Amino acid sequence: MAPPAQTPPAVTPPGVAPPGVVHTTSWRPKLHYELIGCGLRGHELLGTDVERVRPEDDLILREPGDGLRWHRCLRCDSWIPLAPPAQPSREYLADRSEIELPLRGRPLRDRYVLRLIALDRVVHFLALGALAVVVFLFIAKRAAYSDTFYKVLEAIQGALGGPDGFRGGGIIRELNRAFAAKSSTLYLVGLALAGYAVLEGVEAIGLWLGKRWAEYLTFVATALLLIPELYELTGKITVTKVLALIINLAVLAYLLFAKRLFGLRGGGRVEAEAHERDTGWPALERTRPPARPDES
């Protein structure tokens, strides 16, 4: 005889849909960040190690009496059937004050977006840091390489008809300027690059940890960076320059409107309320499935 089909402990309340249940009718795809998180890290389940299930645990853990326990994922609201533990490590589920709930809803989306921006800042940090190291190494070795450089430059000029036949453009012109520049000027350039690299590194760390001050720091630094970027576009326009401008404008728009910086759309107070509404225990209570008749 075939075993009876397994059924979840309850149905979803009317008007409440867990992530991924309702198919979008828009042409624009909808990302369910809860499902992405569970796909990458696994479900957030509690009570897999407890000996007994109490009635007050039914928000996230239920035992309907069919030999299985149903565990609610705290991130994506899926109910997972598991057998009771053979060797439980504790008697009851921990109190709510001891449980750290995972992010979900809009705060989870913000974490993914902020960490994507943080990765962009890491790339900037590495590139600027490498440039600063190159500048300082060039200052230390310039005297040893200057004679060789000018001999090569003289040979190139002679092959092109002498000084009058050589205009010195591109990388040759920039190298010529670098060898002719004062050491104090090069030190300032190296320090500026190193300082900007440190700034990008601080932004990356703060954004990765979801710190509010990092959002303000990133907004100000990115806004200031728009000035030289716009100036560069007055000269030669390249795909790289346009792409960098679009990315920075998107970062500014996201931080300003989605993260409510500078008091916009209610500011930090509304941001904190939205965070608590989407990720706290009230969010789980709002989507609490009703008990089945055989559990009442």
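About the cut-offs
Residues numbered from 1 in each chain as written. Predicted model: local features only at pLDDT ≥ 70, side-chain atom pairs only at ≥ 80, totals over all residues. Heavy atoms only, no water. Axes fitted to C-alpha atoms, helices over the stretch in contact; angles between N-to-C directions. Helix = DSSP H or I, 4+ residues; strand = E, 2+ residues; numbered from the N terminus. Parallel < 35°, antiparallel > 145°, perpendicular 65-115°, else oblique. Left-handed = near helix turned anticlockwise from the far one by under 90°. Contact = heavy atoms within 4.5 Å. Nonpolar A, V, L, I, M, F, W, Y, C, P; charged D, E, K, R; others polar. Phe/Tyr/Trp six-rings, centres within 6.5 Å; stacked < 30°, edge-to-face > 60°. Buried < 20%, exposed > 50% of the residue type's maximum accessible area, 1.4 Å probe, protein only. Pairing = 2+ DSSP bridges. pLDDT = per-residue confidence, 0-100.

S.K.: I tried to follow the packing of helix α5 (residues 212-233) against helix α6 (residues 239-258) on my own but got confused; where do I start?
M.R.: Helix packing geometry: the angle between the two helix axes and the distance between the axes. Close contact between α5 and α6 brings their axes to 9 Å; oriented N to C, the two are set at 150°. When the interaxial angle is binned, α5 and α6 end up roughly antiparallel. The way α5 lies across α6 gives a crossing that is left-handed. Residues E215, T218, F219, T222, A223, L225, L226, E229, L230, E232 and L233 of α5 form the contact with α6, whose participating residues are K241, V242, A244, L245, N248, L249, V251, L252, L255 and L256. Per-class residue counts for the contact of α5 with α6 are 14 nonpolar, three polar and four charged.

S.K.: Looking at this model, I keep getting lost on the environment of H275. Mind explaining?
M.R.: Summarising the element assignment, H275 is placed in helix α7 (residues 267-279). Through-space distance from the C-alpha of H275 to that of L108 is 9.2 Å; in sequence the pair is 167 residues apart.

S.K.: Would you mind showing me how to read the packing of aromatic side chains here?
M.R.: Here a ring pair, both rings aromatic, is described through the centre-centre distance and the interplanar angle of the planes. Going through the model one piece at a time under the given rule, you end up with four aromatic pairs. Pairing F136 with Y187 gives two aromatic rings, centres 6.2 Å apart and planes at 40°, and the pair type is tilted. In this pair, F136 sits in helix α2 (residues 105-159) while Y187 sits in helix α4 (residues 183-208), placing the two residues 51 residues apart along the sequence. Classification of F136 by relative accessible area gives partly exposed; the value is 29%. For Y187, a relative accessible area of 42% puts it in the partly exposed group.

S.K.: Help me understand the sheet that holds strand β1 (residues 61-62) in this model?
M.R.: Backbone-to-backbone hydrogen bonds join strands into a sheet, with any given pair of strands oriented parallel or antiparallel. Strand order in the open sheet formed by three strands is β1-β2-β3, and the pairing between neighbours is antiparallel. Only two strands of the sheet have a single partner each, and these edge strands are β1 and β3 (79-82). Here β1 runs beside strand β2 (residues 69-72); their pairing, made up of two bridges, is antiparallel. When the sheet's bridge partners are listed, R62 is paired in β2 with W70.

S.K.: I keep staring at the packing of α4 against α5 and nothing clicks. Help me out?
M.R.: Contact geometry for α4 and α5: axes closest at 8 Å, N-to-C directions at 140°. When the axes of α4 and α5 are compared, the pair comes out oblique. Regarding α4 and α5, the two cross each other, and that crossing is left-handed. Judged by residue contacts, Y196, L199, V202, E203, G206 and L207 of α4 engage W213, A214, E215, L217, T218, A221 and L225 from α5. Class assignment of the residues belonging to the contact of α4 with α5 gives a composition of nine nonpolar, two polar and two charged.

S.K.: For this particular structure, what's the right way to read the confidence of the model for the protein?
M.R.: The predicted coordinates should not be examined in detail at positions where pLDDT is low. For the protein, mean pLDDT is 81; residues scoring 70 or higher make up 77% of the total. Taken element by element, the protein is modelled with least confidence in helix α3 (residues 170-180), mean pLDDT 63, and with most confidence in β2, mean pLDDT 93. Low pLDDT, under 50, characterises residues 1-15; the stretch is placed with 23 contacts to residues that sit more than four places away or in other chains. Note on residues 163-168: pLDDT is under 50 here. Beyond four places in sequence and across chains, it has seven contacts.

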